[in-house]
Amino acid sequence: MLRPRTGALRCAQKTVVFLEAGFSLQMLSMKTFAELNFPGRLIAVEGLDGSGKSTQIYLLKRWLELQNLKVYFSEWNSSELVKAATSKGKKRELLTPTTFSLIHATDFADRYERHLVPLLRAGYIVLCDRYIFTAFGRDVVRGCPPEWVRGLYSFAALPDLTFFFKSDLEVSLKRILDGRPQLKYFEAGMDLRLSTDPYESFRIFQGRILEQYLAMSTEFNFLVVDANQLIEKQQAVVRELVSSRLHLASFHRAERPPSPALPEPRKKTKVEEPVP
């Protein structure tokens, strides 16, 4: 009997077989939701921790909502299915790189099936704070094989627009520390034992992730935004690109017909009693 080696992977006719895990996935050619003829459109933002991407997608969401457009927002690692397990694993520092990757893939698959795809079919603009590219970057830096990580997400279509907020490491670090007193353990990559100093570990870890993002930017047609600029300048760039690439008028909420006027209640006629 052939016994597969740990971590072995083989490819044939677009099928990836994960021998260690004992399952296979059909590799799908990656297309955008527009190319798959979905009526909705998906916009994703990516960037280092502290790049300001979350602020930018929030501002974009509010701007679209003010135009009475159908908008839905989803963020990385927010599925109720795995939220408790992820939190527990992080607190006890139990998560290995492979476990981390599988938990995040489960989180994404749950949100993708139950929220993203149904709303895109319903003609919504779906905004995602992080998409599959976060896994492609982080998980690979943590030591997971790139082919294995991409195989986990092979069911997912590509965003119609992907903004990459490119910030300097020192700018990202300052923004994080302006909001709270210290770095988080996994955020700084302390689980990788890159340095005993959390700030130096952050620079090394996030620097490696930045390299992955830059390598992906051409492959996946990222729209690169200078995240070192003022918030208002970045948002102006984002809104201009969204307006020029999406036909926003097609995402307007249907106007509700006015409610029919209710008839006024009849006034009771007061009958005067005869005076005895």
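On a predicted model such as this, the values are computed, not experimentally measured, just so you know.

**Student:** Explain the pairing of strand S4 (residues 41-47) here, please?
**Tutor:** On a regular strand, one side chain projects to one face of the sheet and the next to the other, so that they alternate. Along S4, seven of the seven residues are buried, which leaves the element largely enclosed by surrounding structure. Every second residue of S4 is oriented toward a common face, with Arg41, Ile43, Val45 and Gly47 on one face and Leu42, Ala44 and Glu46 on the other, all of them buried. Bridge count between S4 and strand S6 (residues 125-129): five bridges; the pairing is parallel. Bridge pairing links Val45 to Asp129 in S6. Where S4 and strand S7 (residues 161-166) come together, five bridges link them in parallel fashion. Bridged to Gly47 within S7 is Phe165.

**Student:** Please clarify how unusual backbone geometry should be interpreted in this entry.
**Tutor:** Most peptide bonds take the trans form, and the phi angle of most residues other than glycine is negative. Its identity as a non-glycine residue notwithstanding, Asn77 has a phi of 60°, on the positive side. Position of Asn77 relative to the elements: it lies in the loop between strand S5 (71-75) and helix H2 (83-91). Not every positive phi belongs to a glycine, and Arg193 is a case in point at roughly 55°. Mapped onto the elements, Arg193 comes out in the loop between helix H6 (169-179) and helix H7 (198-219). Using a relative accessible area of 63% as the deciding quantity, one classes Arg193 as exposed.

**Student:** Can you walk me through the confidence of the model for the protein in this structure?
**Tutor:** Predicted coordinates in regions of low pLDDT should not be interpreted in detail. For the protein, the average pLDDT comes to 86, and 82% of its residues sit at 70 or higher. Counting contacts from residues 1-28, a segment whose pLDDT is below 50, to residues more than four positions away or on other chains yields 40 contacts.

**Student:** Hey, could you run me through the packing of aromatic side chains in this one?
**Tutor:** A complete count under the given rule lists 20 aromatic pairs for this structure. Judged by centre distance (5.1 Å) and plane angle (85°), the rings of Phe108 and Tyr131 are edge-to-face. Of this pair, Phe108 sits in helix H3 (residues 97-121) while Tyr131 sits in the loop between S6 and helix H4 (132-141), and the two are 23 residues apart along the sequence. Given the relative accessible area of 1%, Phe108 is considered buried.

Conventions used here
- Residues numbered from 1 in each chain as written.
- Predicted model: local features only at pLDDT ≥ 70, side-chain atom pairs only at ≥ 80, totals over all residues.
- Heavy atoms only, no water.
- Buried < 20%, exposed > 50% of the residue type's maximum accessible area, 1.4 Å probe, protein only.
- Helix = DSSP H or I, 4+ residues; strand = E, 2+ residues; numbered from the N terminus.
- Pairing = 2+ DSSP bridges.
- pLDDT = per-residue confidence, 0-100.
- Contact = heavy atoms within 4.5 Å.
- Phe/Tyr/Trp six-rings, centres within 6.5 Å; stacked < 30°, edge-to-face > 60°.

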